Amino acid sequence: MSRAQAGHGTLIAMELTVPAAFTTFAELNGDIEFPGINRPETEITPHNDGIDSWSLGVMHRDALKFSVNFIFDDPTHDYSSGVYGKLQANSFVGFRVRGPGVTVGGIGADEWIASGQVQSVTQKAPVRQGVRTADVTVRLSGPMIIAGAQFGGSVT
Amino acid sequence: MFHCIECIAAQPPFAYDIDTEGRAMFSINFNILSDDIPTQYPDDVLIYLAGLSLAQPAVNSFIGSQAVIPTGAGPFALFVPTSGYPTLETQDSSETKNVYVGLQIVVRGASFIAASNRANAIWSALDGIRNRNIPGE
């Protein structure tokens, strides 16, 4: 029997101040895309070989992107402690992406925690139909904690 | 009362039929987005229009498919809930979902012009309402 799980209930939270408890972003709408993680490749095939060889480099992450129903005075959206405030201050704060798997595995079992900076916020106000929304991009930096364990630490 | 995020008419009123008494029938179809579940929204919309002197409940305006429309010249309006769009959900299900409901208002009258005028007045009053409580603040 499949153990597939619906994606609804995935939440993103941010430290409004540092250090502080995580505050879940209000009204996360749309699909949430966890940052893609990849290693860049360099081909190292020597002339001596008859087949290719590759070396994979350090892990790189795509930006964390999400959207919200924009609430102008919500502390996670606003120009003070919210994403606009963080963008202006260019501050490093903690971000947490928690999947619905926490209902099965418990808190921490299905979450990513990392430091990052708000890189862009694009707000939209439809003229005819629809609600105000904002698209947010966060650039994560440094090691993460995934499912309670460090992911991507220092090179020893 | 419900909080209306937006009330958008699908199109201007259009004449689509005549009833058994030969009265011209106009249909206006709205999609209403609310941040709660507006269980009595046809009533609320009717009360709102009554406040604008565009409807008289149980006199020239009625609610639901079981309403008995009086005989006579009218124009009479019937408010019928219809299907809307899928709910706009947020990831946090503990937050209120934004619910799309539909409302069809059918205006019928012995005079094509009178029915058209009333349908257009209702359309103008409701189309584009945003970010307010219905029927009142």
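The following paragraphs examine the structure supplied in this document. Everything numeric in this text was worked out from a predicted model, so none of it was measured.

Because each turn of an α-helix spans 3.6 residues, side chains separated by three or four positions in sequence point in the same direction. Residues and elements named next belong to chain B. Between its first and last C-alpha, helix H2 (residues 112-126) extends 21 Å over 15 residues, near the 21 Å set by a 1.5 Å rise per residue. Of the positions making up H2, those classed as buried are Ala-115, Ser-116, Arg-118, Ala-119, Ile-122, Ala-125 and Leu-126. Two residues or fewer after H2 comes Gly-128, characterised by a positive phi angle close to 95 degrees.

What follows deals with the interface of chain B and chain A. Contacts between the two partners involve 16 residues from chain B, matched on the other side by 19 residues from chain A. Buried area between chain B and chain A, both sides added, is near 1,300 Å², and the carbon and sulfur share of it is 42%. Remark: the boundary between chain B and chain A carries 1 salt bridge. The closest approach of N and O atoms between Asp-127 of chain B and Arg-128 of chain A, which form a salt bridge, is 3.1 Å. Seen at the junction of chain B and chain A, the total is 11 residue pairs in polar contact (both at pLDDT 80 or more).

This next bit is on the layout of surface pockets. Residues and elements named next belong to chain B. Its boundaries defined by the atoms lining it, the largest pocket holds a volume of some 440 Å³. Within the residue set of the lining of the largest pocket, elements represented by two or more residues are strand S1 (2-9) and strand S7 (129-134). Examining the composition of the lining of the largest pocket, we find that 3 residues originate from one element, S1, more than from any other. Here the residues of the lining of the largest pocket are counted per class, giving 8 nonpolar, 7 polar and 6 charged.

Time to look at the pairing of strand S2 (residues 14-18) of chain B. All names here are of chain B. Inspection of the sheet shows S2 paired to strand S3 (residues 24-34) by 4 bridges, in the antiparallel sense. Its bridge partner being in S3, Asp-17 is matched across the sheet by Met-25. Hairpin connection from S2 to S3: 5 residues lie between these consecutive antiparallel strands, with Gly-22 at a positive phi of about 75 degrees.

All names here are of chain B. Put simply, helix H1 (residues 41-51) and H2 touch, their axes get as near as 11 Å, and they point 105 degrees apart. One way to sum up the angle between H1 and H2 is to call them roughly perpendicular. Only Ile-122, Ala-125 and Leu-126 of H2 make contact with H1, whose side of the interface consists of Val-45, Tyr-48 and Leu-49. Per-class residue counts for the contact of H1 with H2 are 6 nonpolar, no polar and no charged.

Under the counting rule described, the total for this entry stands at 6 salt bridges over all chains. Residue Arg-98 of chain A is joined to Glu-111 of chain A by a salt bridge in which the shortest nitrogen-to-oxygen separation is 2.8 Å. Here Arg-98 of chain A, found in strand S9 (residues 93-98), pairs with Glu-111 of chain A, found in strand S10 (residues 111-124); they are 13 residues apart in sequence, far enough to count as distant. Accessibility expressed as a relative area gives 18% for Arg-98 of chain A, which makes it buried. For Glu-111 of chain A, a relative accessible area of 9% corresponds to the buried category. Several salt bridges converge on common partners, so that one network encompasses Asp-19, Glu-21, Arg-23 and Arg-108 of chain B.

The rules behind each value
Residues numbered from 1 in each chain as written. Chains lettered and ligands numbered in written order. Predicted model: local features only at pLDDT ≥ 70, side-chain atom pairs only at ≥ 80, totals over all residues. Heavy atoms only, no water. Helix = DSSP H or I, 4+ residues; strand = E, 2+ residues; numbered from the N terminus. Expected span 1.5 Å × (residues − 1). Buried < 20%, exposed > 50% of the residue type's maximum accessible area, 1.4 Å probe, protein only. Contact = heavy atoms within 4.5 Å. Buried area = accessible area lost by both parts, 1.4 Å probe. Salt bridge = Lys/Arg side-chain N within 4 Å of Asp/Glu carboxyl O. Polar contact = N/O pair within 3.5 Å; in protein donor to acceptor, adjacent residues only side chain to side chain. 1 Å grid on protein atoms, 1.4 Å probe; cavity = no way out; pocket = protein on both sides within 12 Å on 5 of 7 lines; lining within 4 Å. Points joined across faces, edges and corners; volume = space filled by probe spheres on them. Nonpolar A, V, L, I, M, F, W, Y, C, P; charged D, E, K, R; others polar. Pairing = 2+ DSSP bridges. Axes fitted to C-alpha atoms, helices over the stretch in contact; angles between N-to-C directions. Parallel < 35°, antiparallel > 145°, perpendicular 65-115°, else oblique.

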